[in-house]
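Working through the structure, step by step
Chain by chain, the residues run as shown.
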Amino acid sequence: LRSSASTKKHPKPPIMGEIRETYEGSGDWNILLGGTPHPKWTKLADPTTRSNSGLNFRPINPILGQKAAIERRKGLSKPHKANSNLASFQKNIFNHLHIHGLETVTYLPNPRDPTTSVVSVVPNHAQFTADIERSLALCRDTKSKFDKYDLQCDNDA
């Protein structure tokens with residue numbers, strides 16, 4: 001039984017991902033997200049950096065995606081405590097985001113070389129604290145390039 005959101009037509013792909021058919025000829029399309037973005041936010045710099053977990057797929061049909069969205073938003077099973085190791089916490093957060101295809105929105109142009117590379121603010125937040133105004137401008141500029149899938153990932157993260 002095909003859902004009303006199924007279509008034989010290939011949907012428009014996201015900027016930071018791709019569209020894959022569940023199986024050839026099914027007309028059921030899923031979005032594959034995650035990976036390191038190109039500094040100009042025009043494509044993924046290297047799609048092989050995305051997780052192979054399977055949790056980074058999103059069905060086009062929003063009803064089918066609700067259960068996965070709830071799971072993505074749960075966060076870590078063990079919350080961070082004030083006296084816990086910050087590096088471990090950052091690693092755990094980034095790993096959760098990566099597995100769920102949410103890490104792309106954590107990347108900003110590298111403050112040291114914004115035209116050729118990006119860095120994730122999760123493990124590299126200290127690089128963005130020296131010039132807060134510039135960092136906020138990088139955030140605003142990057143977010144202005146988000147498509148609807150990036151905005152949803154930002155919300156879920």
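A short tour of the structure in this document, coming up. No experiment lies behind these values; they were computed from the predicted model shown. (Residues numbered from 1 in each chain as written. Predicted model: local features only at pLDDT ≥ 70, side-chain atom pairs only at ≥ 80, totals over all residues. Heavy atoms only, no water.)

Attention now moves to the overall build of the protein. For the protein, the helix and strand inventory stands at four helices and seven strands. Starting at the N terminus, the α and β elements of the protein follow one another as β-β-β-β-β-α-α-β-β-α-α. Here the C-alpha atoms of the protein give a radius of gyration of 17 Å, agreeing with the 15 Å that 2.2 N^0.38 yields for 157 residues. When the backbone C-alpha atoms are referred to their principal axes, the protein occupies close to 55 × 35 × 25 Å. The 157 residues of the protein split such that 38% are buried. In the protein, the share of contacts with a sequence separation of at least 24, taken over all contacts with a separation of at least 6, comes to 53%. Carbon and sulfur atoms form 55% of the exposed surface of the protein, whose accessible area is close to 9700 Å². Side-chain charges of the protein comprise 22 positive and 15 negative groups, with the mean position of each set lying 4 Å from the other. (Helix = DSSP H or I, 4+ residues; strand = E, 2+ residues; numbered from the N terminus. Rg over C-alpha atoms; globule rule 2.2 N^0.38 Å. Buried < 20%, exposed > 50% of the residue type's maximum accessible area, 1.4 Å probe, protein only. Contact = heavy atoms within 4.5 Å. Areas by Shrake-Rupley, 256 points an atom, 1.4 Å probe, with all protein chains shown as cover. Lys, Arg positive; Asp, Glu negative; His and termini not counted. Charge placed at Lys NZ, Arg CZ, Asp CG, Glu CD.)

On to unusual backbone geometry, then. Its identity is not glycine, yet W41 carries a phi of approximately 60°, on the positive side. When you line up the elements, W41 lands in the loop between β3 (36-37) and β4 (44-46).

Let us now look at the pattern of salt bridges. Between side chains of opposite charge, a pair can form when the charged atoms approach closely. Applying the stated criterion across every chain, the model contains seven salt bridges. Between D156 and R72 there is a salt bridge whose closest N-O contact spans 2.9 Å. Note that D156 is positioned in helix α4 (residues 148-156) and R72 in helix α1 (residues 66-73), a separation of 84 residues in sequence. Taking the relative accessible area as the measure of exposure, R72 reaches 5% and is therefore buried. A salt bridge links K143 to D154, with the nearest nitrogen and oxygen atoms 3.0 Å apart. Linking K143 in helix α3 (residues 132-143) with D154 in helix α4, this pair joins segments that are eleven residues apart in sequence. The exposure class of D154 is partly exposed, given its relative accessible area of 30%. Overlapping salt bridges, with partners in common, bring together E18, R20 and R50 in one network. (Salt bridge = Lys/Arg side-chain N within 4 Å of Asp/Glu carboxyl O.)

Counted by the stated rule, this structure contains zero disulfides. Lacking any disulfide linkage, C139 is separated from the closest cysteine sulfur, that of C153, by 16 Å. Under the relative-accessibility criterion, C153 is labelled buried at 6%. (Disulfide = S-S within 2.5 Å.)

Attention shifts here to α4. Three or more residues of α4 are buried, namely Y149, D150, C153 and D156. Buried positions in α4, seen along its axis, are confined to an arc of 125° and lie on one side of it. Exposed side of α4, more than 90 degrees from the buried face: K148 and N155 are the residues found there. If you follow the buried residues of α4, they end up packed against β2 (29-33), β5 (57-59) and α1. Two or three places before Y149, at the start of α4, stands the capping residue D147, its side-chain oxygen 3.0 Å from that residue's backbone nitrogen. (Arc of directions from axis to C-beta. Polar contact = N/O pair within 3.5 Å; in protein donor to acceptor, adjacent residues only side chain to side chain.)

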